[in-house]
Each structure stands twice: as C-alpha cells, then as structure tokens.
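# Examination of the molecular architecture
Residues per chain are reported as follows:
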Amino acid sequence: MSGDNRANFAVTTDGYDAADTKKRVKAILVGSVGNLIEWYDVYAYSAFALYFAGSFFPKSDPAAQQLAAASLFAVAFLVRPIGSVIFGYFADKHGRRTALTMSVLLMCFGSLLIAVTPTYASIGVGAPAILALARILQGLSQGGEYGTSATYLSEVSHPNRRGFYSGVWYVTLIGGQLTAILVLLVLQKVFLTPDQLKDWGWRIPFVIGALISVYAFYMRRDMHETELFKEASKIVKKTSLWVLLGQNWKTMVLVVGITVGGTSAFYTYTTYMQKFLKLSVGLTDDQTTMVTAGSLLFAIILQPLYGALSDKIGRKPMLIAFGVLGTIGTYPLLTTLQTTKSPLFAFLLICIAWMIVSGYTALTATVKAEMFPTAVRAMGVGIPYALTAAIFGGSVDSVALWFKSVGNESGFYWYATGCIFISLLFYIFIPDTKANSKMEQAV
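Residues numbered from 1 in each chain as written. Predicted model: local features only at pLDDT ≥ 70, side-chain atom pairs only at ≥ 80, totals over all residues. Heavy atoms only, no water.

## Some details on the side chain of D432
Rules: Under the DSSP-based scheme used, a helix requires at least four consecutive residues in state H or I and a strand at least two consecutive residues in state E, with every element numbered from the N terminus. Pairs of residues are marked as contacts when any of their non-hydrogen atoms sit within 4.5 Å.
Relative to the elements of secondary structure, D432 occurs in the segment after helix 21 (410–429). Setting aside chain neighbours within four positions, we find D432 in contact with I313, G314, R315, K316 and P317.

Written as structure tokens, this is what we have:
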C-alpha cells in the first residue's frame, strides 16, 4: 500500500462511507490472506488424511489409520502456544506486519516438507517422523498467525464496525478450508482416480499450499503497520512486555473460557465433519466432499452478517445465543446426522449447526482483541487461544475417533455439549466487549 493509503487507517470514531469500508476490507483481506493459507494447509491435512494415512501408518483397519493421522494432527496443536509466544512477542515488540510475514513463510516450509516426504514403504518409521516434524512447523506457524492476524484486523477496523470486519476475517479462515475441499473435489472428479489419490495425488494440495504461501509473503511485504501499534510502541518502548502481560492474566483466563466451547464446535463441524460423514454417516467420497464444501460455503456467507449484527446489538447477546443453542442442540443435531442417509438432509443439518456456531466464530477475533491493551494484544489474544485450541480444538478428531473406536460414539456428542456449556458460563458473566473495549488503551 502507498503511504497515502496508510494515513487513511488512523483510528477514528468519525462516520464511515463506502470508500472507507472498501479500503479497510482490502487491508484486512491482505492481512488475512496468510490466514487463509494457514487454514488451507491445516484443512488439507485433515481432508486428504483419508488418502495419505495408509502411506504413513500401514495398518489394516482404516479407522486405526485415521486415528494415527488424527493424533499427529492433535500433536501439532501442542506447539501452537509456543508459536503464539514467539510470534506474538515479535508482533507486540516489533510490529504486526513482520510477524505475519514470518509466520506464512514457516507454513510454506511445513507444507513443502509434507509434499516431498517419502512413504512408510520407502523409509520406514522415518516417514511418520518427518510428517510429524512438518506438522509441528505448521503448528508453530499457526500459533503465531491467529493472535497477530486477529490483532491486525481489529486495529485497522473502524471502531463501529469491528464485528463486521471480524466476520470478513473469518471468511478467509473458513475460505482456506473450503479451498482445500475444492482442490479435493477437482482432483476427485476431474483429474485423478481414487487409487491415484492414495498413491501420489494427495501430495498435490501441499505443493499448492507452498506456492500460494510464497504469494502471500509478497502481498504481506507491503502491509502498512497499524496506527495503534505505532502509538503504543512510543509509550511502552522501555517497558517489559512480560510484566504487562502478567498484569492481564485474568483477562487471559477469560479468553480460555470464551474459547473452549467455540473452538471445539468449530473443529467438530470442519476438520472432523468430513471423517464423520464418511465413517459414521456412510456417505460416499463424492457425497462427503460435496456436503462439506456446501456447508463451508454457507458458513462463509454467515460470518460478515453475524459480525455486523454484533455491531448493532453487542457481542454478549451473540455469544450467549451460541452458548444456549449449542448446549441444547449439539446432541440432537449430531445424533440425527449420524442416522441420516440423505446427503441433502446431512447438508441441511450442518447448515443449522453453522447458524448456531457462527454466533461465536464471526466475532471471536474482535471480542478477544477488544479485551487487551495494544501493547500486549497479540500475545494476550494468541497465547490463551492457542492453549485452548490445543486442548479442546486440535484434539477433537482424536477424541471423537476414540469414542467411536470403543463403541460409544454418542459420548463425543456429550463431550462437545459440555465444552459449549463451560463457555456459556463465561458468556453470562463477562462484560460486553463492544461497550467495554480496550482497543484505544495503550497499556
């Protein structure tokens, strides 16, 4: 962006117009393109695990192969808090732009490593070991991406439309997952047979991920730094960020509580849903892909709409609605979904689930950013989120598949319900961040 454009993003509470909205949306999309790629790569791993699991985990039981692949998926989440500390500190100390650029390069390397890793038949246990390393690198990258990206979007957003822009930001997150599904659909329908996908075709999406990461790197080089960071850095230049972060420990605990239910629900209806439709509902590969892609597209449409609604009525009513409806509706939704044999009915049920979950997803980035002062916003958002996502998000596939393996699949439905209920208790008692925002507060 040019220097003139950068000046237009100074935070103000003045009125906004179509030109202002266009500029801010453009800035957020540029800042979030790496977010799209991060989630494309993560979901590509989940979506294509049905095809590459046998190449790395040679067991006769397909469910056991998927459980092994899901375990690696979960292990990568354990390093996300480390990524949040590293990249979050860098973002709060040296700027959002540089941290975001570095995180997308690391994701590029992780994707490329998966693409070129030999199979178990070629190098034995070295294959899953290299796969684990690649996922760890991706986990570090994503751990740094979330907090910094959420911080950036909130700081360049108009104060009266942060919910809407949060929804726009989440479009890129879900869009990354949808892109991975579309790549799978094209490969399934146009270019490759199922045997070719299992043999070598599963490598293609990771090559694509590495290439578009390079594109995101060049886009992010021209990002402007936020005015809020510039002003805060003048004030806290000689102050320890760790001391400031410690002063906000209670808020970090609140972020954990806010996130538990939302992140478990999000991963249930994204990364795990493809496996659920295939292994539990019994849909074909094509039906699974179509239902998943269609439901993600529906979710994308909802995000800015729900975010804009939170600008009108506040964040708290939206979160409470998600908590109540999620607590009441998760078990019957998943139970009904498991018993259906109709792809159309499965699609409609998942769309209903997204109408509930979007009460969290569409505004989560802004809610968390509004809870912290500028000086420690990236770490304050990223670290507790990464910890919670590692425990309650990345483990969803493993937990669900474990319940399935012991013959008690409905136990997972109660688990997911319990996670949402925990967050509901926090939603009831926290103040509405729209009316109690710390966005303008430096320390």
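## Side note on helix 8 (residues 162–191)
Going by this rule: Any helix carries an expected span of 1.5 Å times its number of residues minus one. To sort residues, take the accessible area from a 1.4 Å probe on protein chains only and compare it with the maximum for the residue type: under 20% means buried, over 50% means exposed, and anything in between is partly exposed.
Over its 30 residues, helix 8 extends 42 Å from the first C-alpha to the last, a length consistent with the 44 Å expected when each residue adds 1.5 Å. Burial runs high along helix 8: 23 of the 30 residues are buried.

## Thoughts on the pattern of salt bridges
In plain terms, the rule: In what follows, salt bridge is the name for a side-chain nitrogen of Lys or Arg lying within 4 Å of a carboxyl oxygen of Asp or Glu.
Tallied over the entire structure, the rule returns eight salt bridges. E155 is the salt-bridge partner of R96, the closest N and O atoms lying 2.7 Å from each other. You can see R96 sitting in helix 5 (residues 96–116) and its partner E155 sitting in helix 7 (residues 126–156), a full 59 residues away along the chain. Exposure remark for E155: the relative accessible area of 1% places this residue in the buried category. In this structure, E370 engages R315 in a salt bridge whose closest nitrogen and oxygen atoms are separated by 2.9 Å. One end of the pair, E370, is in the loop between helix 18 (364–369) and helix 19 (377–393); the other, R315, is in helix 16 (residues 315–339), and 55 residues separate them in sequence. On the accessibility criterion, E370 (1% relative accessible area) is buried. A cluster of three or more residues bridged by salt bridges with shared partners is formed by D92, R96, E155 and R377.

## Some details on the nonpolar core
Grouped burial of nonpolar side chains is what soluble globular proteins tend to show. What counts, and what does not: The criterion is simple. A nonpolar core is a set of buried Ala, Val, Leu, Ile, Met, Phe, Trp, Tyr and Cys residues joined through side-chain atoms within 4.5 Å.
With 111 residues, the main nonpolar core has F48 and W354 as its most contacted residues. Looking at this core, the element that brings in the most residues is helix 2 (residues 18–56), giving 14 residues. In this structure, W354 is in contact with I174, F266, Y269, T270, S295, L296, F298, A299, L302, Q303 and T361, ignoring residues within four places of it in sequence.

## What about helix 15 (residues 285–313)?
Side chains that are three or four residues apart share a direction in an α-helix, a result of its 3.6 residues per turn. Inclusion rule: At any given residue, the bend is defined as the angle formed between two axes, one fitted to the seven residues that end at that position and one fitted to the seven that begin there.
Taking 1.5 Å per residue as the helical rise, helix 15 with its 29 residues ought to reach 42 Å, and the 41 Å between its terminal C-alpha atoms agrees with that figure. L302 marks where helix 15 bends most, by close to 25 degrees; the proline P304 follows one to four residues later. Positive backbone phi, at 105 degrees, marks G314, one or two positions downstream of helix 15.

## A closer look at a nonpolar patch on the surface
To be explicit about the condition: What makes a patch is a set of residues exposed beyond 30% relative accessible area and free of salt bridges, joined within 9 Å when like-charged and within 5 Å when nonpolar (Val, Leu, Ile, Met, Phe, Trp, Tyr). Residue exposure ignores everything except the shown protein chains as possible cover, and the areas themselves are Shrake-Rupley values with a 1.4 Å probe.
A cluster of nonpolar side chains, I82, V85, I86 and W242, forms an exposed patch at the surface whose accessible area comes to about 360 Å². It is helix 4 (residues 80–94) that provides the largest number of residues to the nonpolar patch, a total of three residues. Take I86: it is sitting in helix 4. With a relative accessible area of 48%, I86 lands in the partly exposed category.

## Looking at the packing of helix 16 against helix 17 (residues 343–361)
What counts, and what does not: For helices, the fitted axis covers only the stretch in contact; all axes are lines through C-alpha atoms, and the angles between them, taken along N-to-C directions, range from 0 to 180 degrees. Working rule for angles: under 35 degrees goes down as roughly parallel, over 145 as roughly antiparallel, 65 to 115 as roughly perpendicular, anything else as oblique. In this scheme the handedness of a crossing depends on how the near helix is turned from the far one: anticlockwise by less than a right angle means left-handed, clockwise means right-handed. Under the grouping applied here, Gly and all other residues not named as nonpolar or charged are polar, the nonpolar ones being Ala, Val, Leu, Ile, Met, Phe, Trp, Tyr, Cys and Pro and the charged ones Asp, Glu, Lys and Arg.
Across the interface, helix 16 lies against helix 17 with an axial gap of 7 Å and an inter-helix angle of 160 degrees. Viewed along their axes, helix 16 and helix 17 adopt a mutual orientation that is roughly antiparallel. You can see that helix 16 and helix 17 cross each other, and the crossing is left-handed. The segment helix 16 lies against helix 17, with M318, L319, F322, L325, G326, L333, T336 and L337 engaging F345, A346, L349, I350, I352, A353, I356, V357, G359 and Y360. Considered class by class, the residues forming the contact of helix 16 with helix 17 number 15 nonpolar, three polar and no charged.

## Some remarks on the environment of A365
Its location among the elements puts A365 in helix 18. With 212 residues separating them in the primary sequence, A365 and L153 have C-alpha atoms 8.3 Å apart. Dropping the residues within four chain positions of it, A365 is found in contact with Y146, A150, L153, S154, S166 and W169.

## Some points on the environment of A210
You can see A210 is positioned in helix 10 (residues 204–220). A210 gets classed as buried once you look at its relative accessible area, which sits at 6%. The spacing of A210 and I37 is 173 residues in sequence and 8.9 Å in space, taken between C-alpha atoms.

## Some points on the packing of aromatic side chains
Aromatic rings considered in pairs are described by the distance between their centres and by the relative angle of their planes. Condition: Only Phe, Tyr and Trp rings are paired, with Trp represented by its six-membered ring, and only when their centres lie within 6.5 Å; those with planes under 30 degrees apart are stacked, over 60 edge-to-face, the remainder tilted.
A full pass over the atoms with the stated rule returns 17 aromatic pairs. A ring pair is formed by Y170 and F266, whose centres lie 5.7 Å apart and whose planes are at 85 degrees; its orientation type is edge-to-face. In this pair, Y170 is assigned in helix 8 and F266 in helix 13 (residues 249–268), connecting sequence segments 96 residues apart. Note on accessibility: Y170 and F266 belong to one class, buried. With a centroid separation of 5.9 Å and an interplanar angle of 70 degrees, the aromatic rings of Y331 and Y413 are classed as edge-to-face. You can see Y331 sitting in helix 16 and its partner Y413 sitting in helix 21, a full 82 residues away along the chain. Ring pairs connect the aromatic residues Y146, W169, Y170, F266, Y267, W354 and Y385, which therefore count as one cluster.

## Here's the deal with the packing of helix 7 against helix 8
Packed helices, taken two at a time, are described by the angle their axes make and the gap between the axes. In the contact formed by helix 7 and helix 8, the axes pass within 9 Å of each other and the chain directions differ by 140 degrees. When the interaxial angle is binned, helix 7 and helix 8 end up oblique. As for how helix 7 packs across helix 8, the hand of that crossing is right-handed. Counting all contacts with helix 7, which are made through Y146, S149, A150, L153 and S154, the residues of helix 8 involved are R162, Y165, S166 and W169. Residues of the contact of helix 7 with helix 8, tallied by class, amount to five nonpolar, three polar and one charged.

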